[in-house]
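Results of the structural survey
Next come the chains, spelled out residue by residue.
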Amino acid sequence: MSTVDTLINAVAAITINDIYRPIVKNRKDKHYLRAAMLFSALATLVGVLATYPFRSFDTLYEAHAKFHTTLTPPLVAAVFLGVFWRRYTSKAVIATFTGGVALMVLGQLYPEYLIAPLAHGVKMDPEHPFKYMAALYNVLVCFGVGIVVALVTKAPSTARMDGLTVFSLERARALYK
């Protein structure tokens, strides 16, 4: 439960401080506290509703694995490429999420064509096709989309990327102190 309430609190804090407060300015703390409570309730409702697609799994472990194989790949690709590659642009981030998720959905709809080539020797279960090989497919398509879009779009200037990758940590410390 501590993980769940921490995530709900984090969603409310990020939503209020990074999105809501810059738009709705100069209000009393009581207003922002009520808004945070509303966002907490909404985050809880979204979390509860998000469990329904995973109820067909036999074990909690399988549902947990499916959750991470569907939500983690675009995040991992975007963070990893953003931290380690100066050429990774904001357009590539958007494409990683939109294009990567679109290809992930296609992989779920047509696993025999898109995931099967990666699943050497693994039989397809029609109810949950290629549980673990789907994770590999999802990671590959998200990284692939991000890399291709980063290569075909204009690279950001070095000055713009200064302090944003692991290769310029000293500059990041100076900028964000």
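Described below are features of the structure shown in this document. Please read all numbers here as calculations on a predicted model, not as lab measurements. (Residues numbered from 1 in each chain as written. Predicted model: local features only at pLDDT ≥ 70, side-chain atom pairs only at ≥ 80, totals over all residues. Heavy atoms only, no water.)

**Describing a nonpolar patch on the surface**
There is a patch of nonpolar side chains on the surface, built from Val 76, Val 79, Phe 80, Val 83, Phe 84, Val 166, Phe 167 and Leu 169 and spanning about 680 Å² of accessible area. The greatest single-element share of the nonpolar patch, amounting to five residues, is contributed by helix α3 (residues 60-84). Using a relative accessible area of 53% as the deciding quantity, one classes Phe 167 as exposed. (Patch = residues over 30% accessible without salt bridge, like charges linked within 9 Å, V, L, I, M, F, W, Y side chains within 5 Å. Areas by Shrake-Rupley, 256 points an atom, 1.4 Å probe, with all protein chains shown as cover. Salt bridge = Lys/Arg side-chain N within 4 Å of Asp/Glu carboxyl O. Helix = DSSP H or I, 4+ residues; strand = E, 2+ residues; numbered from the N terminus. Buried < 20%, exposed > 50% of the residue type's maximum accessible area, 1.4 Å probe, protein only.)

**A closer look at helix α1 (residues 2-23)**
If you check α1, its first and last C-alpha atoms are 31 Å apart, about what 22 residues at 1.5 Å a residue would give, namely 32 Å. The largest bend in α1 comes to about 40 degrees, at Ile 16. For α1, the complete set of buried residues consists of Ile 8, Ala 12, Thr 15 and Ile 16. Contact partners of the buried residues in α1: α2 (29-49). (Expected span 1.5 Å × (residues − 1). Bend = angle between axes of the 7 residues up to and from the residue. Contact = heavy atoms within 4.5 Å.)

**Points about α3**
Helix length check: α3 (25 residues) gives 34 Å between terminal C-alpha atoms against 36 Å at 1.5 Å per residue, within 8%. Thr 72 marks where α3 bends most, by close to 45 degrees; the proline Pro 73 follows one to four residues later. Listed in full, the buried residues belonging to α3 are Glu 62, Ala 63, Ala 65, Thr 69, Pro 73, Pro 74, Ala 77, Ala 78 and Leu 81. Where the residues of α3 are buried, they touch α4 (90-109) and α6 (133-152).

**Observations concerning the side chain of Thr 69**
By the secondary structure assignment, Thr 69 is in helix α3. A residue is classified by how much of its surface remains accessible, and Thr 69, at 11% relative accessible area, is buried.

**A short note on the pattern of salt bridges**
Tallying each qualifying case throughout the model produces one salt bridge. For Glu 170, the salt bridge is made with Arg 173, and the minimal N-O distance between the two is 2.6 Å. Of this pair, Glu 170 and Arg 173 are both found in helix α8 (residues 169-175), three residues apart, which corresponds to roughly one turn of the helix.

**A short note on the nonpolar core**
In this structure, Tyr 88, Ala 92, Ile 115, Phe 130, Met 133 and Val 149 are the most contacted members of the largest nonpolar core, which totals 19 residues. Only α3, α4 and α6 provide two or more residues apiece to this core. Not counting residues within four places of it along the chain, the set of residues in contact with Tyr 88 comprises Ala 77, Ala 78, Leu 81, Gly 82, Val 93, Thr 96, Gly 146, Ala 150 and Met 161. Membership of the second largest hydrophobic core comes to five residues, among which are Ala 12, Ile 16, Tyr 32 and Ala 36. (Core = buried A, V, L, I, M, F, W, Y, C linked by side-chain atoms within 4.5 Å.)

**Considering unusual backbone geometry**
With a phi close to 60 degrees, Asn 26 is a non-glycine residue in the positive phi region. Examined against the element boundaries, Asn 26 turns out to sit in the loop between α1 and α2.

**Overview of the environment of Glu 127**
In this fold, Glu 127 is placed in the loop between α5 (111-114) and α6. Take Glu 127: its relative accessible area is 55%, and that puts it in the exposed class.

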